[in-house]
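Chain residues, written in single-letter form:
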Amino acid sequence: MKTFVYLLFFFALIFGATVAYGDEFSSTNYKALDPVMNAGGYGSSASFKLFGVVSQIATGTSTSSSFGDNAGFLYFPEASTPAVSATPGNGQVALSWTSSTGYLGWTASGYDVGRSTVSGGPYSYASLGNVNSSTRTGLSNGTAYYFVVVVKDAFGNAIATSTEVSATPVSSGGGTGGGTGGGTGGSSGSGSSSGSAGVIFSGRAYPLSKISILKDGQLAASTIAGPDSNFSVILSNLSTGNYTFSVYGEDKTKTKSVPFAFPVFLTFGVTTKISGIFIAPTIAVDKSEVKKGDDIAIFGQSAPQSEVTISVNSQEEIFVKTSADTDGIYLYNFDTAWLELGDHNAKSKSRVKEEVSSFGKTIGFKVGTKNVLMEAGACQNKGDLNNDCLVNLVDFSIAAFWYKKSLSASFELKETERLNGDGKVDLADFSIMAFYWTG
């Protein structure tokens, strides 16, 4: 008799149930208990669809041949937001943007450009593929246009959107024509004249921090960010041509951020605007060696009240999150019981609303059998390969030895901490050493 009742109950569930929508966690005939959700919008059936949920298992949507399930932690995929430059021309605007970096299963596989004549949209979009520049033609001179760049994953889903940049097309020799807007904070320069080129930088760093602009490796301007961490800097009276600009900030301890580099072509009589620059957080630790099972303090500075994600490289990469205070200071006491004995490193990135920075500088520490406090003023300089707190010809010689060679295990860790962390020594690493050169 019990078996018959169970069968009736089973058939009632199969043939008598109605559709339950994803926003109904329970109904008279449907209940979700302790669910593990897949990435929203990727899975559906004839009677059930789930939208708008992203969770750890989203890692499995990557194009990689394998993925890991890091039980015990919630992982959420993210992608850094591009910085965008806009250069107006005759009936057109030339756009370029930095590559977006995806984390935890998301890969930037293409970009769309949205265009509007109204700030904030609505935008009309054009799909461009996996490129980092586009010239939008057929525009009206004298009309302000507003653009955003949308990052797409391998499935065509939007995973990040840049801040808006504006530009006004002008006829040849028609003046500056560059858009307006950008962050608050101090500025340097007085705008571009009709006989030269100019560029405007805007973005966010740390509250009241010093912002420096390098033009082809030479200091060109500096300013102080506002209390909200936003900044805007103008360079004027520049010649037409290709430039590589780098922007970096200094936190309250005078620690420099990783430089944010942007190549751009400047046009005669036109001001180019580069917006959406998000300087990555600084990072430090309180111990050079920590006893396994004790906490190590990981701290630094970012935008005020931003969400800071800290990555700790172990046998598996571990991510933890904390919040910066109103001064942009963040602190996380990391439990090293999760880590094996040996050398490790940490890095951090920030999120403010929909804007996500790239990861900043990598800092190293050791998990061992004792606690050794980080010495005051201990150098953790990028480019310092022999630990003498200098970046000079000795470091260049060390790097030259490993140039385009397979790295040893010990030097691979050094390359991760002090150079660009791609597992090889090439011209990008020499550029880093040139930036941090002490002589």
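Residues numbered from 1 in each chain as written. Predicted model: local features only at pLDDT ≥ 70, side-chain atom pairs only at ≥ 80, totals over all residues. Heavy atoms only, no water.

Looking up the protein in an unreviewed UniProt entry gives the name Cellulose 1,4-beta-cellobiosidase-like protein, with the organism given as Candidatus Woesebacteria bacterium GW2011_GWA1_39_8.

Q: Give a description of the pairing of strand S20 (residues 295-301) that names residues and reports values.
A: A regular strand places its side chains on the two faces of the sheet in alternate fashion. With five of its seven residues buried, S20 lies for the most part within the structure. As defined by bridge partners, strand S18 (residues 284-285) adjoins S20 across two bridges and the pair is classed as antiparallel. Within the sheet, the bridge partner assigned to alanine 284 lies in S20 and is phenylalanine 299. Bridge count between S20 and strand S23 (residues 329-335): seven bridges; the pairing is antiparallel. The partner of glycine 300 across the bridge, within S23, is tyrosine 330. (Buried < 20%, exposed > 50% of the residue type's maximum accessible area, 1.4 Å probe, protein only. Helix = DSSP H or I, 4+ residues; strand = E, 2+ residues; numbered from the N terminus. Pairing = 2+ DSSP bridges.)

Q: Lay out unusual backbone geometry in plain terms, naming residues and giving numbers.
A: Glycine aside, a negative phi is what most residues show, and trans is what most peptide bonds show. Going from glycine 121 to proline 122, the amide bond is cis rather than trans, its omega being 10 degrees. Inspection of the secondary structure puts proline 122 in the loop between strand S5 (110-116) and strand S6 (124-129). Non-glycine residue aspartate 216 carries a positive phi angle of around 50 degrees. Residue classification places aspartate 216 among the partly exposed positions, given a relative accessible area of 45%. Positioned with a positive phi, asparagine 237 is a non-glycine residue whose angle comes to about 55 degrees. You can see asparagine 237 is positioned in strand S14 (residues 230-238).

Q: If you had to explain the packing of aromatic side chains to someone new, which residues and values would you point to?
A: Using the criterion set out here, one finds ten aromatic pairs in the structure. Relative to phenylalanine 245, the ring of tyrosine 243 lies with its centre 5.6 Å away and its plane at 25 degrees, an arrangement referred to as stacked. On the basis of relative accessibility, which here comes to 1%, the residue phenylalanine 245 falls in the buried class. Ring pairs connect the aromatic residues Phe201, Tyr243 and Phe245, which therefore count as one cluster. The ring of phenylalanine 359 is capped by lysine 349, whose NZ or CZ atom sits 5.6 Å from the centre of that ring. (Phe/Tyr/Trp six-rings, centres within 6.5 Å; stacked < 30°, edge-to-face > 60°. Lys NZ or Arg CZ within 6 Å of the ring centre and 35° of its normal.)

Q: Break down the pattern of salt bridges for me, with residues and values.
A: This structure, assessed with the given rule, holds nine salt bridges. A salt bridge links lysine 424 to aspartate 426, with the nearest nitrogen and oxygen atoms 4.0 Å apart. Lysine 424 gets classed as partly exposed once you look at its relative accessible area, which sits at 43%. Classification of aspartate 426 as buried rests on a relative accessible area of 18%. Beyond isolated ion pairs, a larger network of salt bridges with shared partners links Glu78, Lys349, Arg351 and Glu354. (Salt bridge = Lys/Arg side-chain N within 4 Å of Asp/Glu carboxyl O.)

Q: Requested: an account of the sheet that holds S20, with residues and values cited.
A: Spatial ordering of the open sheet is given by S18-S20-S23, a layout of three strands whose pairing is antiparallel. Edge positions in the open sheet fall to S18 and S23, since each of these has one partner strand only.

Q: Go over the pairing of strand S12 (residues 210-215), please, and point to the residues and values.
A: Here six bridges tie S12 to strand S13 (residues 218-224), and the two strands are oriented antiparallel to one another. Looking across to S13, one finds that serine 212 is bridged to serine 222. Hairpin connection between S12 and S13: a loop of two residues separates the two successive antiparallel strands, and aspartate 216 in this loop has a positive phi of roughly 50 degrees. As judged from the six bridges shared by S12 and strand S15 (residues 241-250), these two strands associate in the antiparallel manner.

Q: How would you explain the nonpolar core if you had to name every residue and give the values?
A: With 24 residues, the main nonpolar core has Phe201, Phe231, Phe245 and Ile277 as its most contacted residues. Listing elements by their share of this core, those giving two or more residues are strand S11 (197-204), S12, S14, S15, strand S16 (260-266) and strand S17 (271-278). Ignoring anything within four residues of it in the chain, the contact list for isoleucine 277 reads Ala83, Phe201, Ser202, Gly203, Arg204, Phe231, Val247 and Phe260. Membership of the second largest hydrophobic core comes to 19 residues, among which are Ala86, Trp106, Tyr145 and Val149. (Core = buried A, V, L, I, M, F, W, Y, C linked by side-chain atoms within 4.5 Å. Contact = heavy atoms within 4.5 Å.)

Q: I'd love a proper account of the sheet that holds S11, names of residues and values included.
A: Read from one edge to the other, the open sheet built from six strands follows the order S7-S3-S2-S17-S11-S14, with strand pairing classed as mixed. In the strand order of this sheet, the two ends are held by strand S7 (133-136) and S14, each with one partner. In this sheet, adjacent strand axes meet at a mean angle of 15 degrees when their direction is disregarded. Across six bridges, the pairing between S11 and S17 is parallel. Note on S17: the bridge partner recorded for glycine 198 is threonine 271. (Axes fitted to C-alpha atoms, helices over the stretch in contact; angles between N-to-C directions.)

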